[in-house]
Amino acid sequence: MKVLVINCGSSSLKYQVLDMDGENLLAKGLVERIGMDGSVITHTKIGSDDKWKNEVPMPTHKEAIEQVLNAIVDPEHGVLHDMSELGAVGHRVVHGGERYANSVLIDEKVLTHLDELSELAPLHNPANILGIRACQKLMPNTPMVAVFDTAFHQTMPAESYIYALPYEYYEKYGVRRYGFHGTSHKYVADRASKIMNVSLDDMKIITCHLGNGASVSAIKRGKCIDTSMGFTPLEGLVMGTRCGDIDPSITTYISEKENLSAEQMNEIMNKKSGVLGISGISSDFRDIEAAAEEGNERAQLTLKVFAHKVRAYIGAFIAEMNGLDALVFTAGVGENDIAMRDIICNDLGNLGIKLDLVKNKIRGREAIISRDDSPVTIMLIPTNEELMIARDTVDIVEKNR
Ligand code: ADP
């Protein structure tokens, strides 16, 4: 079955076309500036050097999806003869709340639920819904599946997801830990089990998804038992621009001192904090590392603070699982940042984590990077959320036939 995977944001949209018979990627692309001047689609046919850019007005998501469909059936740049070759569309949806612990075939009832869940993910779910609606208009007979970022974390026990606030806030408003990046954590955990040739049922895994957004998960017997992101993606690790864990009373203290509204404070914690906030340089680790190498002390401190937090979560999750078999690094920083993996794993031998400094000199491909005598297998596994979405999509469509 050929599957179109859509990851729809408020003004941009990423897509991939996969042939799931051999799990081959056929094409991928990006639409930017939807609803603004200068809307543009960049389309790549895999296996050719061809990167096709097309600037066309795209006032709404419907025009954006139209351009995606045009690109994938284009006689020169496309990969399908016509749209009927497409068996299904898989949509990344950020928030599935407590209702969706698994991917689901989209119908009107599901869309109503997603709409209700927009309250919990106001920045993401509305855009995801726009993408789904636009696809439905253009492909009314093609089955669509929603794959949730939160779903994999729904196996967490209550002690991991309940906050120590009045319990009624959980009951009335659904205030609890949900966790995000679930598709990525699940994908790399599955790969770790395959690479080690050990059943997930017999493994304790910590997955570190370190990108612009970053989270760590504890996965025992294939099930997530804890994760660092919370009610929103703001909790947990220090991120590109998000602060991660802080003392909650800092928010009232700073808003009073700086005369900030709740919304402004939220913006600062989401957009102006993290490694950007500490370093004052950039949210990109490459810039911070370059500055650190030149002797910039704030940049050096930033890297240490980031690593400190990852190490603290690794320690906590080892305690929660009473052991660890595999430690996995993924996403932009996890896959590419040799120095950061080194700082994170440094001096953790008593926890069984022994990085091989030579094997660690690798970027962007699957590898075991621990020493032969390391009790914990440390791995670099590039994530592939789109493949995971496409797999779930095929699975759900076939089950519902
Ligand atoms: P997201 O999908 O959350 O936007 P990614 O997983 O693509 O993020 O990660 C992006 C981040 O990865 C960049 O901001 C950059 O900091 C980091 N990164 C990418 N390549 C490298 C590299 N070679 N060295 C260090 N950091 C890198």
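Values in this document were obtained by computation on a predicted structure and should not be read as measured data. (Residues numbered from 1 in each chain as written. Predicted model: local features only at pLDDT ≥ 70, side-chain atom pairs only at ≥ 80, totals over all residues. Heavy atoms only, no water.)

With respect to the side chain of glutamine 67
Move 1: With respect to the secondary-structure elements, glutamine 67 resides in helix α1 (residues 61-73).
Move 2: Given a relative accessible area of 15%, glutamine 67 falls into the buried group.
Move 3: Residue contacts for glutamine 67: discarding those within four places in its chain leaves Ile41, Asn54, Val56 and Met58. (Helix = DSSP H or I, 4+ residues; strand = E, 2+ residues; numbered from the N terminus. Buried < 20%, exposed > 50% of the residue type's maximum accessible area, 1.4 Å probe, protein only. Contact = heavy atoms within 4.5 Å.)

Regarding the site of the ligand
Move 1: Close to the ligand lie Gly211, Asn212, Gly213, Asp284, Phe285, Arg286, Ala331, Gly332, Val333, Asn336, Asp337 and Arg363, which account for all nearby residues.
Move 2: In this structure, an oxygen atom belonging to the ligand sits 2.8 Å away from a main-chain N or O atom of phenylalanine 285.
Move 3: Contacts to the ligand include glycine 332, whose backbone N or O atom sits 2.8 Å from an oxygen atom.
Move 4: Coverage of the ligand by the protein chains reaches 68% of its 580 Å² of free accessible surface.
Move 5: The element best represented in the shell around the ligand is helix α12 (residues 331-336), accounting for four residues.
Move 6: Its residues placed into classes, the shell around the ligand shows three nonpolar, five polar and four charged. (Near = heavy atom within 4 Å. Polar contact = N/O pair within 3.5 Å; in protein donor to acceptor, adjacent residues only side chain to side chain. Areas by Shrake-Rupley, 256 points an atom, 1.4 Å probe, with all protein chains shown as cover. Nonpolar A, V, L, I, M, F, W, Y, C, P; charged D, E, K, R; others polar.)

With respect to the packing of aromatic side chains
Where two aromatic rings form a pair, the distance of their centres and the angle of their planes describe that pair.
Move 1: Counted according to the given criterion, the structure contains seven aromatic pairs.
Move 2: On the numbers, 4.7 Å between centres and 70 degrees between planes, the contact of phenylalanine 285 with phenylalanine 306 is edge-to-face. With a gap of 21 residues between them, phenylalanine 285 in helix α10 (residues 285-293) and phenylalanine 306 in helix α11 (residues 297-321) connect regions that are remote in the sequence. Assigned by exposure class, phenylalanine 285 and phenylalanine 306 land together as buried.
Move 3: What links up through ring pairs into an aromatic cluster is the set Tyr161, Tyr167 and Tyr170.
Move 4: In this arrangement the basic side chain of arginine 176 is found over the ring face of tyrosine 161, its NZ or CZ atom lying 3.6 Å from the centre. (Phe/Tyr/Trp six-rings, centres within 6.5 Å; stacked < 30°, edge-to-face > 60°. Lys NZ or Arg CZ within 6 Å of the ring centre and 35° of its normal.)

Quick look at the layout of surface pockets
Move 1: In this structure, the second largest pocket spans a volume of roughly 390 Å³.
Move 2: If you go around the second largest pocket, you meet 24 residues; those closest to its centre are Ala101, Asn102, Phe152, Lys186 and Asp392.
Move 3: Elements supplying a minimum of two residues to the lining of the second largest pocket: β8 (144-148), α6 (182-196) and α14 (385-399).
Move 4: No other element matches α14, which puts six residues into the lining of the second largest pocket.
Move 5: Partitioned by chemical class, the residues of the lining of the second largest pocket number 11 nonpolar, seven polar and six charged. (1 Å grid on protein atoms, 1.4 Å probe; cavity = no way out; pocket = protein on both sides within 12 Å on 5 of 7 lines; lining within 4 Å. Points joined across faces, edges and corners; volume = space filled by probe spheres on them.)

Purely spatial values, then, with no claim about function.
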